[in-house]
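Geometric and topological summary
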Amino acid sequence: MKINIALLILFFTLQINAQQTLDKIVAVVDNEIILQSELDFQIGIFASQRQIDQSTPGLKEQILNSMIEEKLLYAQAELDSITVTEDEVNQRIEYQINSFTQQYGSVANIEKIYGMSIDRIKRELRDEVRKSLMSQRLQEKNFGKVQATRREVEEFFNTYKD
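It should be emphasised that the depicted structure is a prediction, and the values quoted were computed from it without experimental measurement.

About the cut-offs
- Residues numbered from 1 in each chain as written.
- Predicted model: local features only at pLDDT ≥ 70, side-chain atom pairs only at ≥ 80, totals over all residues.
- Heavy atoms only, no water.
- Helix = DSSP H or I, 4+ residues; strand = E, 2+ residues; numbered from the N terminus.
- Buried < 20%, exposed > 50% of the residue type's maximum accessible area, 1.4 Å probe, protein only.
- Contact = heavy atoms within 4.5 Å.
- Polar contact = N/O pair within 3.5 Å; in protein donor to acceptor, adjacent residues only side chain to side chain.
- Phe/Tyr/Trp six-rings, centres within 6.5 Å; stacked < 30°, edge-to-face > 60°.
- Lys NZ or Arg CZ within 6 Å of the ring centre and 35° of its normal.

1. Remarks on the overall build of the protein chain
- The number of helices and strands found in the protein chain is 7 helices and 2 strands.
- The buried share of the protein chain, taken over its 162 residues, is 26%.
- Of all intrachain contacts in the protein chain linking residues separated by at least 6 positions in sequence, the fraction that spans at least 24 positions is 65%.

Shown next, in the form of structure tokens:
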């Protein structure tokens, strides 16, 4: 009887320790996190749009840095109370899905390439599209009126060139 109880306890202990990691945090920016699954999804989109291998050296770091910059801009956009409408988000998602459809030929091909249904792809994109639109609005608000003459650009280039 004692052996059975000991074996039962050992079995449950092994089951608890054998749990698999489903996702992990790769970066924290302000109150936002970037999950490994989000990074992998963005790498997949970027690589497929440009028809390059997902394991291209430096691609993961480039996409992660881009995602971090986007999160920083989003955090500032929230502080500045910048908003976007659901219609704007839906329009951008539909635009992206249409672009994917033109690139891959059909919705079925998109689902096959990304390994998920079109509805799930839209859900995955929704939050990132909203944040991206907010970040773009922030950039337009802060830098939209900046103008530089050709002479100013050349002077800047000559001053800071390597």
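2. So, the side chain of Glu32
- On the secondary structure map, Glu32 appears in strand β2 (residues 32-35).
- Judged by relative accessible area, Glu32 falls into the buried class, the value being 17%.
- Side-chain polar atoms of Glu32 contact the side chain of Lys71, separated by 3.5 Å.
- A distance of 2.5 Å separates a polar atom in the side chain of Glu32 from a polar atom in the side chain of Lys131.

3. Topic: the packing of aromatic side chains
- Applying the stated criterion to the full structure yields 5 aromatic pairs.
- Relative to Tyr114, the ring of Phe100 has its centre 5.6 Å away and its plane inclined at 40 degrees; by these criteria the two rings are tilted. Placement of the pair is Phe100 in helix α4 (residues 86-104) and Tyr114 in helix α5 (residues 107-114), with a sequence separation of 14 residues.
- Since its relative accessible area comes to 2%, Phe100 is described here as buried.
- Accessibility expressed as a relative area gives 12% for Tyr114, which makes it buried.
- Taking 6.3 Å as the distance between ring centres and 80 degrees as the angle between the ring planes, the aromatic pair formed by Tyr104 and Tyr114 counts as edge-to-face. You can see Tyr104 sitting in helix α4 and its partner Tyr114 sitting in helix α5, a full 10 residues away along the chain. For the residue pair Tyr104 and Tyr114, the accessibility class agrees, reading buried in each case.
- An aromatic cluster of three or more residues is present, and its members are Phe41, Phe100, Tyr104 and Tyr114.
- The side chain of Lys131 reaches across the aromatic face of Tyr74, ending 5.2 Å from its centre.

4. Concerning unusual backbone geometry
- Despite not being glycine, Asp30 has its phi angle at roughly 55 degrees, a positive value.
- Position of Asp30 among the secondary structure elements: in the loop between β1 (25-29) and β2.
- Overall, the relative accessible area of 54% leaves Asp30 in the exposed class.
- Its identity is not glycine, yet Gln51 carries a phi of approximately 55 degrees, on the positive side.
- With respect to the helices and strands, the residue Gln51 is situated in the loop between α2 (36-50) and α3 (59-79).

5. As for the environment of Ser37
- With respect to the helices and strands, the residue Ser37 is situated in helix α2.
- Classification of Ser37 by relative accessible area gives partly exposed; the value is 38%.
- Looking at Ser37, its side chain comes within polar contact range of the side chain of Asp23, at 2.5 Å.

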